[in-house]
Structures are given as C-alpha cells and as structure tokens.
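Each chain, written out:
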Amino acid sequence: MKRRQALQLAGLSALGLAAVRPGSADAKPYSPPLNHEQPTIPGMPFNSYHSPPLTPFVDELPRLPKVISPTRMVAAGGRHRFHRDLGRAPSAGFGGLSHHGPTIETQAGTEPQIRFVNNLRSHPMAIDVDTTLHGVSEKDRHRPPLVIHLHGAPNRPEHDGFPTSPFRLGRGVDYRFTNPPHACPLWYHDHSMGTTRLSIYAGLSGHYHVRDQWDTGTRDNPLGLPAGGYETALIISDKLFYPDGKMRYDNTWTVPTGHWAGGLCGDTMVVNGKVWPRMPVDRGLYRFRILSASQLNDYRLSLSDGSTFWVIGSDGGLLDAPVPVKALNVAAAERYDILVDFSRYRPGQKVQLVNSMQISMFGQMNGALMVRPVMRFDVGSRTGRYQRVPDRLRGGRGLPDRLPPRHTGHDNHRIATLNVTVNPRNLSWLGVLNMNLNDLDWATKDFEHPVQGTTECWDIVNSDATMQSHSLHVHLVQYRVVGRWDFDKVRYLAENPPPVLGTRWTPDPTDYLTSEMFNPAPYEFGWKDTVRCPPNQVTRIMVRWPTAAELGFDPDAVFTGLNNEKLQGYVWHCHLTNHEDNEMMQRMRVVAPGRHTGFIEVPGAGGHHGGGHGH
Ligand SMILES: [Cu+2]
C-alpha cells in the first residue's frame, strides 16, 4: 500500500466512515503464558556436550528453492556447512540440496505423483543408530531406509509412508499424494521405523505448500499476502555440533553414543541449514512459513524488541483473520504462517527472532539450556512491496469460507494417555525406559479403530511422569483443538497405577481436573494435524473421520507394502521423533461403519523387521 492510500485509510478511520479493520489484526496482541510448569533445575550434576563457540548472524539465511509440481525427487547424502566457521560435514537432503529439500509448490485438490529415489549410500548419523529400538537393524547404518510421509495430507494408505515398509539404495518409489482441497503448509519427511529422528536431524525434510485460488503464492493473490521474495519458508531446529562441524546427536556423556537418550537438545538454532543466520529485509510486510523440525524442544518465538506480529495460518491452512501476537508457541512438527512488519523499523536497524521456551526438565537433566537467539533480520532502506496486514482471511466476498465451529457434537469419546514406562523387552541404556501411547507399544493388537463418517472427541492426557510436553500427530486427518484443562497428575497416577507395558491404560481424567476448560491459543483455532500436549494438562481435540466416498478411496483397504508385505491402516504418534522411534507410535484403522472393528491379523504389519532390499 502506498503512503497516500495509508493516509486516506487513516483519514477514513478518523472520521468513523469505515471500519477498515473488522478483523482482529488490531486487537490486543495475544501472548501465550510462559511455561511456568517447567521448573529450572539448579546445579544439575550432569553436563552436556557443547558445540564449538560460533559467532551468531554471520551467515545469510539460505532461501530454500521452490519447485513447482516436481515429478522426481532424489534423497542423497551430501556435505553441508552449517556455519562459516565449521567444516563441511555429512548431511542429507532432497532434490540436490545438501540439507533439507526444496519447497514443493502444488495445487489444492490434485493428486501429484512424485517418484522418490533413495540414493543414500550411508546414514550421516550412522554412529547414532540404536539397533535395540523397534524395527532397527545394522543395515540402517550403511543402507539407510527411506519412507516418505507427506505430513498432514489425506493420503491413500499405500502412499502414506507406512513406517515398517522402507526402500533402500538404488530404488525409486512412485508416491501418489492426495492434496487437501484448500491451501495449507504441509511438509514431507522420512518416516522410517526407529530411525526417523536421525533422518530428520540429518536433513530429510522439506516444505510442501498447497496453493488454491485465494492463497495463490503470486503477487496479485486476492488475500493481499506477501509473495515472491516477501514470502519465505523457514525450517527451524536446534542442533549440536562436533568441533569439526559434524552434527552431533549424543547430548550427554551419561548416555553413550548410539543409545537412545530420550531426546536431543541442541545448543544452537539452525534455520534452513545455517546456525543463527541473518536475513536482509526491506521495510515492509513479510510472510514467514515456519516449520519446526525440532527433535524434542518446543519453541516460544517472539521478536527481540517485543513487537507485535501476526499469525495467519496453522498446519491445515488459514485462520479466519490474522491473530496479533507477542509470542507464538511452536511444538515439533507444527507449522505456523506469520506476518512480520519491518516498515516500523529504521534503515540499518537489526531485530532478532528469539526463543524463550524453558527447556523441559528432561532436557535440563542432560545439562541443556534454553537457546535464545534464532535468527536476525537486518532492515535495509528499501520500502517493501507489501505494507498492510489483511483485515480478514476468510468469510467475505472473494475470500474462502469461514472456519466451521471447533465445538461440535460427537459420536464417540476416546481417552489417550502419553506415558513414559519401563519396556522389559528392550534393555536399552536408559534403564529400559520408553515412551508410549495408552501404555501400549507399536506391536499391540489393541489399537484404535475409529469408524468412517463419525466424529470423535479425544482427550489426550499428558500423564508422562516427567514434565515433558509432547506433540501429537494423527495421520490422514486435520482436526480442531477444543481446549485444555490442568489436572492433578500425581493423584491420577497414584490412584490409577499404570500396569507394565502392553495393557491398555486410559483412566478417565474427569475427576482429576483442577481447572475449567480453557481455550487453546487463538492461533490454534484453525485446522491442525499436530497438537501441543503440555505437561500436567489434558488436551481435547475433535476429529471427524472421513468416509471412503469423501476420500475417493478406502482408507481401510489392505495394501501391499514396498517389500511385498500385507499392510493395513495408518499411524498416530508423538512427533517428538525420539519418542516415535521408541514405541510412542501405534497403528490405527479407519473402518467402514458396521464392519468388524476387531483386530484383523495382517502379516508383517507390526513387530520387528529387517527392511527390504534395493533392486
Ligand atoms: Cu512424546
């Protein structure tokens, strides 16, 4: 918007002639509560390893290249330099990049077919492969498995990336994805059983942006959103490095290298493959499309000068109107779309994107500290092309329909618990600990069977005896976050002692709630496929399971996996990748109404596997 127009609008407002901003763009900015539930542990006896000292803001932010409707994507190892002062180190990426993959741009409602090729000759994190975890073998070190999951899309089951059905070196697989009917920020990543954390850490992730008639990604888009060079995709993760620049995955000497250690906490922030990068910006509005590829940590993002910014969308697409915020909580695998206005700064001014999320107690026990800087914006003298935050994004002439209500009636109610337990079958280093859902492991036959066409209310109880926040992802669907309660976890655990792993444990938390239900953050009001489940809280989501007719395929069809095994269904899991790699993932079947909902034994669907072979 030109200065003259801005003055005109200001004049109209002053005269009260036009409510030029009916949306919430100018409302009081929201600030999520600090996660006071995480105490700071003083003087922990343990200590973590540290990256070599690195000067922040010396490397320019790499722009992830965009590819429009690609038909082929090769995953390969490369050598990547994460910082000016670090050497090149083994890494992995897609589409010729040495770390991460290009941003795939594609159209809503289409079914893109992309051939993914595994050209990974060794795993960049080979020494960190833990062969005691479910589904992991020695082979995974030198012939890494690859399974592509398009996160957030209603994929056919055989194209959803079933974790136990990987392909290896030299093989290509044609994935036929199902794009949602509207614009949204999805992402693609490796989903191999037991090694997902290491593959995502190594770089095997990329943005997948679905476009539609409104969110076109072009300069003339009807929403007035920044486009072209003013729209930037960010992949944020915390990382640890050896002095020579290699990525490090063993956080602490208390757990030896190559053993599952519960979760990595880095001491640097890496954005698009660079440690603490800087980005030159014009004085105007920018759209940042944020993806957290974090392993364990949640981030609480804000601008270092406390300025307001706006959240315009979440995992499954646009919100009704921009939500002004002072801070934004982002859990692992969540995506948020934000607008930042740099026109308020003087030329030459520098402002940082910072993190203020206290490290979880588990991370602190490994000696980890909060990493504050994320990246820096260096404001130039040029005026940017976009100056005005849109009033609304949905519900109006020339705009998509408003979001449906979050509160709806439901046909079925489920309780899911998030736990840390002893796994007598895996004598791994950390005192045989593992993470799980409902006290059941991956191989359980007692998994969920939601019925197509029904709406379900899920109460997700974070009953984890530690203070860890979890990040819950359900495949196939986008859902809504209804609200959260505080609950008395200590009494819940004491009065309902969990049995050993393998017996369903989902006590009703109703009698243990200690607060009224409170709303999620206003930026969580939209469509979500991943939800933050804070410690000592019950998180309620509302899920509608689509029918085969709506999907255009049977989500419960038995299909042949990549290694000729018979498979069925989808998965749901914690997206703290350390957790999904150690039992915090289960199968699920979305069954037709009236069909037998008991377990149907499908050979090869669960249990241990050695993986297929390349041919
Ligand atoms: Cu978890």
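Parameters at a glance
- Residues numbered from 1 in each chain as written.
- Predicted model: local features only at pLDDT ≥ 70, side-chain atom pairs only at ≥ 80, totals over all residues.
- Heavy atoms only, no water.
- Pairing = 2+ DSSP bridges.
- Helix = DSSP H or I, 4+ residues; strand = E, 2+ residues; numbered from the N terminus.
- Axes fitted to C-alpha atoms, helices over the stretch in contact; angles between N-to-C directions.
- Core = buried A, V, L, I, M, F, W, Y, C linked by side-chain atoms within 4.5 Å.
- Buried < 20%, exposed > 50% of the residue type's maximum accessible area, 1.4 Å probe, protein only.
- Contact = heavy atoms within 4.5 Å.
- Salt bridge = Lys/Arg side-chain N within 4 Å of Asp/Glu carboxyl O.
- Donors = N, O, S within 2.8 Å, 3.2 Å for Na, K, Ca; no water.
- Polar contact = N/O pair within 3.5 Å; in protein donor to acceptor, adjacent residues only side chain to side chain.

K.L.:
Explain the sheet that holds strand 32 (residues 570-574) to me, please; I cannot follow it from the model alone.
P.N.:
Pairing between the strands of a sheet is mediated by backbone hydrogen bonds and can be parallel or antiparallel. An order of 28-26-32-33 is seen for the 4 strands of this open sheet, with the pairing classed as antiparallel. The sheet terminates laterally at strand 28 (530-533) and strand 33 (585-588), the two strands that pair on one side only. Strand after strand, the sheet turns through a mean of 20 degrees between neighbouring axes, direction not considered. Two strands pair when backbone bridges link them, and strand 32 and strand 33 are joined in this way by 4 bridges, in the antiparallel orientation. The residue bridging Tyr570 from the neighbouring strand is Met588, located in strand 33.

K.L.:
Sorry if this is basic, but what is going on with the nonpolar core here?
P.N.:
Nonpolar side chains tend toward joint burial in soluble globular proteins. In terms of nonpolar packing, the biggest core is built from 122 residues, with Phe116, Phe288, Phe342 and Phe377 touching the most fellow members. If we skip the residues at most four places from it in the chain, Phe116 touches Met73, Phe94, Ile148, Phe167, Arg171, Gly172, Val173, Tyr175, Phe177 and Tyr188.

K.L.:
I'm lost on the pattern of salt bridges in this one. Help?
P.N.:
Here the idea is simple: oppositely charged side chains can pair when their charged atoms come close. Taken as a whole, this structure holds 38 salt bridges when the rule is applied. Where Asp85 meets Arg84, a salt bridge forms, and the shortest distance between an N and an O atom there is 3.1 Å. As a salt-bridge pair, Asp337 and Arg287 come within 2.9 Å of each other at their nearest N and O atoms. With Asp337 in strand 20 (residues 335-341) and Arg287 in strand 15 (residues 285-292), this residue pair connects regions lying 50 residues apart in the sequence. Residues Asp337 and Arg287 agree in their burial class; the two are buried. The structure contains a network of salt bridges with shared partners spanning Lys66, Glu105, Arg211, Asp215, Glu231, Arg287, Arg289 and Asp337.

K.L.:
Looking at this structure, how should I read the coordination of the copper ion?
P.N.:
Geometry sets the ideal angles at a metal, namely 109.5 degrees for four tetrahedral donors and 90 or 180 degrees for six octahedral donors. Looking at the copper ion, one finds its protein donor set to be His470 (ND1), Cys574 (SG) and His579 (ND1), positioned 2.0 to 2.1 Å from the metal centre. All donors to the copper ion come from one chain, and their sequence spacing reads H-x103-C-x4-H. In this pair, His470 is assigned in strand 26 (residues 470-474) and His579 in helix 7 (residues 577-580), connecting sequence segments 109 residues apart.

K.L.:
Explain the side chain of His573 here, please?
P.N.:
Inspection of the secondary structure puts His573 in strand 32. With relative accessibility at 0%, the residue His573 sits in the buried group. Side chain to side chain, His573 and His475 meet in a polar contact 3.2 Å long.

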